[in-house]
Amino acid sequence: MKKLTLPLSDEETRALRAGEGVLLSGTIYTARDCAHKRLFALLDEGKPLPVDLKQTYIYYAGPCPAPAGKACGSCGPTTSARMNAFAPRLLDLGLCGMIGKGEMSEETRAALVRNRKAYFAAVGGAGASYGNAIRKMELVAFPDLLSEAIYRMEVVDFPLVVAIDSEGNSVYDR
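The structure presented is a predicted model; accordingly, all values stated were derived computationally and were not measured. (Residues numbered from 1 in each chain as written. Predicted model: local features only at pLDDT ≥ 70, side-chain atom pairs only at ≥ 80, totals over all residues. Heavy atoms only, no water.)

> So what exactly am I meant to see when it comes to the pairing of strand β7 (residues 150-164) here?
Consecutive side chains along a regular strand alternate between the two faces of the sheet. With 8 bridges joining them, strand β2 (residues 21-30) and β7 adopt antiparallel strand pairing. Paired with G21 across the bridge in β7 is V161. In the sheet, strand β5 (residues 118-121) pairs with β7 via 3 bridges, with the strands oriented antiparallel. Within β7, the residue paired with Y119 across the bridge is I164. Here strand β6 (residues 134-141) pairs with β7 via 6 bridges, running antiparallel. (Pairing = 2+ DSSP bridges. Helix = DSSP H or I, 4+ residues; strand = E, 2+ residues; numbered from the N terminus.)

Below, the structure written as structure tokens:
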């Protein structure tokens, strides 16, 4: 597995290949359906976003509360296809990449290629393992959404697979 530190350079992103295993370390943000709807409302109203998309990797997940001595509880991926309505626009606005579970639409794949970005797959059912890779977690926006709020997370050796690379190759085509 290739160890990488976020944010990835353009060259590092372009060098990734679908099917390649990676261990990511650095900052990621969680956002699920409800948070995406709120981000779009802010964009449509011309208001600033609570995150800088040009520095953001979104993990489609809702973290569980942290047990004693941990930064986060279980934090497994949610189904990425639910974010297909949002991903292309966010990528076009500078989003660095996404992490989730399962296939994405052809429109999202085209946006990844157009913007030279990558989509990473996390393993469903491995939420406890992902929670253990989270060293720090902080609420960033939309606290009323609880686990669907946006959280900033510092992760170390977060195990993922490159699901769709910047050339549009996908593990789901194999």
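Now that the structure has been shown, we can carry on.
> Can you walk me through helix α4 (residues 106-115) in this structure?
What α4 keeps buried is the set T108, R109, A111 and L112. Seen along its axis, α4 keeps its buried residues to an arc of 160°; they face one direction. Of the residues in α4, the exposed ones pointing more than 90 degrees away from the buried face are E106 and E107. Turning to α4, the residues buried within the fold contact α3 (87-92), β4 (97-100), β5 and β7. (Buried < 20%, exposed > 50% of the residue type's maximum accessible area, 1.4 Å probe, protein only. Arc of directions from axis to C-beta. Contact = heavy atoms within 4.5 Å.)

> What's the story with empty space enclosed by the protein in this structure? I'm lost.
Any space left empty among the atoms is revealed by the rolling of a water-sized probe across them. As enumerated under the stated definition, the model contains 1 cavity of 30 Å³ or more in all. Y29, T30, A31, L39, V51, T56, I58 and I150 together form the lining of the largest cavity. Its residues assigned to classes, the lining of the largest cavity comprises 6 nonpolar, 2 polar and no charged. (1 Å grid on protein atoms, 1.4 Å probe; cavity = no way out; pocket = protein on both sides within 12 Å on 5 of 7 lines; lining within 4 Å. Points joined across faces, edges and corners; volume = space filled by probe spheres on them. Nonpolar A, V, L, I, M, F, W, Y, C, P; charged D, E, K, R; others polar.)

> In this structure, what is going on with the environment of L112? I would like to understand it.
Inspection of the secondary structure puts L112 in helix α4. Sequence spacing of L112 and G168 is 56 residues, and the spatial spacing of their C-alpha atoms is 7.0 Å.

> So what exactly am I meant to see when it comes to the nonpolar core here?
Where a protein is soluble and globular, its nonpolar side chains tend to be buried together. Core analysis: the biggest nonpolar cluster contains 31 residues, and M98, F142 and I150 have the highest contact counts within it. Listing elements by their share of this core, those giving two or more residues are α2 (33-44), α3, α4, β5 and β7. When near neighbours in sequence (up to four residues on either side) are disregarded, F142 contacts A35, R38, L39, L42, P50, A149 and I150. Formed by 25 residues, the second largest nonpolar core is a distinct cluster that contains L16, L24, I28 and C72. (Core = buried A, V, L, I, M, F, W, Y, C linked by side-chain atoms within 4.5 Å.)

That's the geometry; what it means functionally is another story.
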